[in-house]
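As a plain string of letters, each chain reads:
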Amino acid sequence: MTVRIAIQREDFNLAEEYEWLRQISPAVGAVVTFSGLVRDFESTDGARNAIDSLSLQHYPGMTESLLQEIVDQAMQRWPLLGVTVIHRVGKLLPAEQIVFVGVASQHRAAAFEAAQCVMDYLKTRATFWKKVDQNGREHWVESKDSDQVARQRWAADD
Amino acid sequence: MTVRIAIQREDFNLAEEYEWLRQISPAVGAVVTFSGLVRDFESTDGARNAIDSLSLQHYPGMTESLLQEIVDQAMQRWPLLGVTVIHRVGKLLPAEQIVFVGVASQHRAAAFEAAQCVMDYLKTRATFWKKVDQNGREHWVESKDSDQVARQRWAADD
Amino acid sequence: MIKLLFFGRLGDVACDAPKLIEANTPAEIRDLLAADFPELGRQLREPQVLVSVNQMIVSWNQPLAAGSEVAFLPPVTGG
Amino acid sequence: MIKLLFFGRLGDVACDAPKLIEANTPAEIRDLLAADFPELGRQLREPQVLVSVNQMIVSWNQPLAAGSEVAFLPPVTGG
């Protein structure tokens, strides 16, 4: 089992991450990747407001431990061969990549479920905070109830 | 909504497929990719037998229609922005890519679920047949009950 | 005439079977083939084997028009 | 002394708040801050706000050792 966790300002390269995951073992039969991108708008109370940029803050040290804990839980639950989690911080423009989760496994069900579970936990537990810049006015993003609900799907492991 | 379906002998390039999906719209917030790879062994009755190669046969014309139908069903069920399905045919060696499913959506839940659903249907409905070459002896792969079970998760749409 | 196609493992046992035949339903084709090719007939009767006419899955009693393409499909194993 | 960290929107309202303080529990820190910075005090009392000591989420009554790092965490919004 091979794990790579990174929190970085720089962009990541999906092709490199995928090649790393698929070569972990000749037993890899399934690789699932998730990439989160900055949308060009924010939905607030049903309205769509264009955004200029996002700024991502995190709690250095604690974030790394939490991501490791989330990955450890996924490894206990599914037979995985490799997991990668990358999260960017700093200023990000629309269409940029924010987050990557990649999972390699023998079979597809484990790879799909583990990737989705890691994302659901990351969204609700990892210490990142997002600020939106709209036309020079900044505000912090509110957390979403739907993310809490998504995480509860995996609650057997809590 | 943009769809790309291909059945081909040639390999595919995950990076190109991903770039195509992420640029479909500035509203894309989530891209999920699934890649299926040829494992270097086959599990039969609990035993692991090394394989030399796979040969993939399909029913030209019918396979394309079935894949289109599977994608159409996913589009009706989830708010998707783009879907790609690529399946290779012919002779494939261990570690080679067999199948790609990519889904772009505004939100991650739709992208994850649609990608997994498309794969589960593809496994049980699309007209592909796999032959294994083990040490010069060929045999056709048996279908797996677990794939039928996986598909039944989405049965509300059947 | 009806055009016949055999996929997957059915292709191996249908090597010597005719690829064109006269018949009114897929079930009749199956019976005709079983008479001359008992192993093929046995496999075509397995409940998991599906039949398509002009690339649509149909019942074994579907009436056939001249020129139809009938395919015999063992359980699929792609992906 | 206890080192204080404020994340997300709490960082904005804690601009002028001290970053070092003497206290026995996170709850006591909250009360001390609320006395001088009412808006910060109000936000720290919101039930979704969590507190960590040395990067572990703890209860508000966790006893603090000298040199601890206490962080106030609004609901996370990464990913």
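A. A look at the pattern of salt bridges. Per the counting criterion, the structure on display carries 26 salt bridges over all chains. Across the pair A:D11 and A:R88 runs a salt bridge, and its minimum N-O distance is 3.4 Å. One end of the pair, A:D11, is in the loop between β1 (2-8) and α1 (14-22); the other, A:R88, is in strand β6 (residues 80-88), with 77 residues separating them in the sequence. In this structure A:D11 comes out as partly exposed when scored by relative accessible area, which is 42%. Across the pair A:E138 and A:K131 runs a salt bridge whose closest N-O atoms are separated by 3.4 Å. Each member of the salt-bridge network shares a partner with another, and the members are C:R9, C:E39, C:R42 and C:E46.

B. Highlighting the interface of chain A and chain D. Taken residue by residue, the interface counts 25 residues in chain A and 18 residues in chain D. When chain A packs against chain D, close to 1,600 Å² is buried across both sides, 59% of that on carbon and sulfur atoms. Per-residue buried area on chain A facing chain D is highest for A:Y59, A:M62 and A:W129; these three make up 40% of the total on that side. Our enumeration of links across chain A and chain D arrives at zero salt bridges. Our count for the chain A to chain D interface comes out at 13 residue pairs in polar contact (both at pLDDT 80 or more). When contributions to the side of chain A that touches chain D are tallied by element, the ones reaching two or more residues are β5 (53-58), β8 (97-105), α3 (108-125) and β9 (128-134) of chain A. Here the element with the most residues in the side of chain A that touches chain D is α3(A); it accounts for five residues. Across the side of chain A that touches chain D, the residue classes break down as 13 nonpolar, seven polar and five charged.

C. Structural detail: the arrangement of the chains. The top pair by number of contacts, from a total of three pairs of chains in contact, is chains A and B. Note that chain A does not reach chain C: the shortest distance linking a C-alpha of one to a C-alpha of the other is 10 Å. If you take every C-alpha in chain B and every C-alpha in chain D, the smallest gap between them is 10 Å, and the two do not touch.

D. Up close: helix α4 (residues 145-152) of chain A. Of all the residues in α4(A), the buried ones are A:D147, A:A150 and A:R151. Seen end-on, α4(A) carries its buried residues on one side only, within an arc spanning 95°. Set apart from the buried face of α4(A) by more than 90 degrees, the exposed residues are A:D145, A:V149 and A:Q152. Elements that come into contact with the buried residues of α4(A) comprise α3 of chain A together with α3 (108-125) of chain B.

E. Layout of the sheet that holds β5(A). Residue and element names in this part refer to chain A. The strand order β7-β5-β9-β10 describes an open sheet built from four strands, whose pairing is antiparallel. Only two strands of the sheet have a single neighbouring strand rather than two, namely β7 (90-92) and β10 (137-140). The mean inter-strand angle of the sheet, taken between neighbouring strand axes irrespective of direction, is 25°. As paired strands, β5 and β9 are joined by six bridges and run antiparallel to one another. If you follow L54 over to β9, its bridge partner there is V132.

F. Quick peek at the relation of the copies chain B and chain A. With an RMSD of 0.0 Å, the operation that places chain B on chain A is a rotation of 180° combined with a shift of 0.0 Å along the axis. The symmetry that links the two subunits is that of a two-fold axis. Looking at chain B, 100% of its interface residues are interface residues in chain A too, so the copies touch through the same face.

Conventions we followed
- Residues numbered from 1 in each chain as written.
- Chains lettered and ligands numbered in written order.
- Predicted model: local features only at pLDDT ≥ 70, side-chain atom pairs only at ≥ 80, totals over all residues.
- Heavy atoms only, no water.
- Salt bridge = Lys/Arg side-chain N within 4 Å of Asp/Glu carboxyl O.
- Helix = DSSP H or I, 4+ residues; strand = E, 2+ residues; numbered from the N terminus.
- Buried < 20%, exposed > 50% of the residue type's maximum accessible area, 1.4 Å probe, protein only.
- Contact = heavy atoms within 4.5 Å.
- Buried area = accessible area lost by both parts, 1.4 Å probe.
- Polar contact = N/O pair within 3.5 Å; in protein donor to acceptor, adjacent residues only side chain to side chain.
- Nonpolar A, V, L, I, M, F, W, Y, C, P; charged D, E, K, R; others polar.
- Arc of directions from axis to C-beta.
- Pairing = 2+ DSSP bridges.
- Axes fitted to C-alpha atoms, helices over the stretch in contact; angles between N-to-C directions.
- Least-squares fit on C-alpha atoms with pLDDT ≥ 70 in both.

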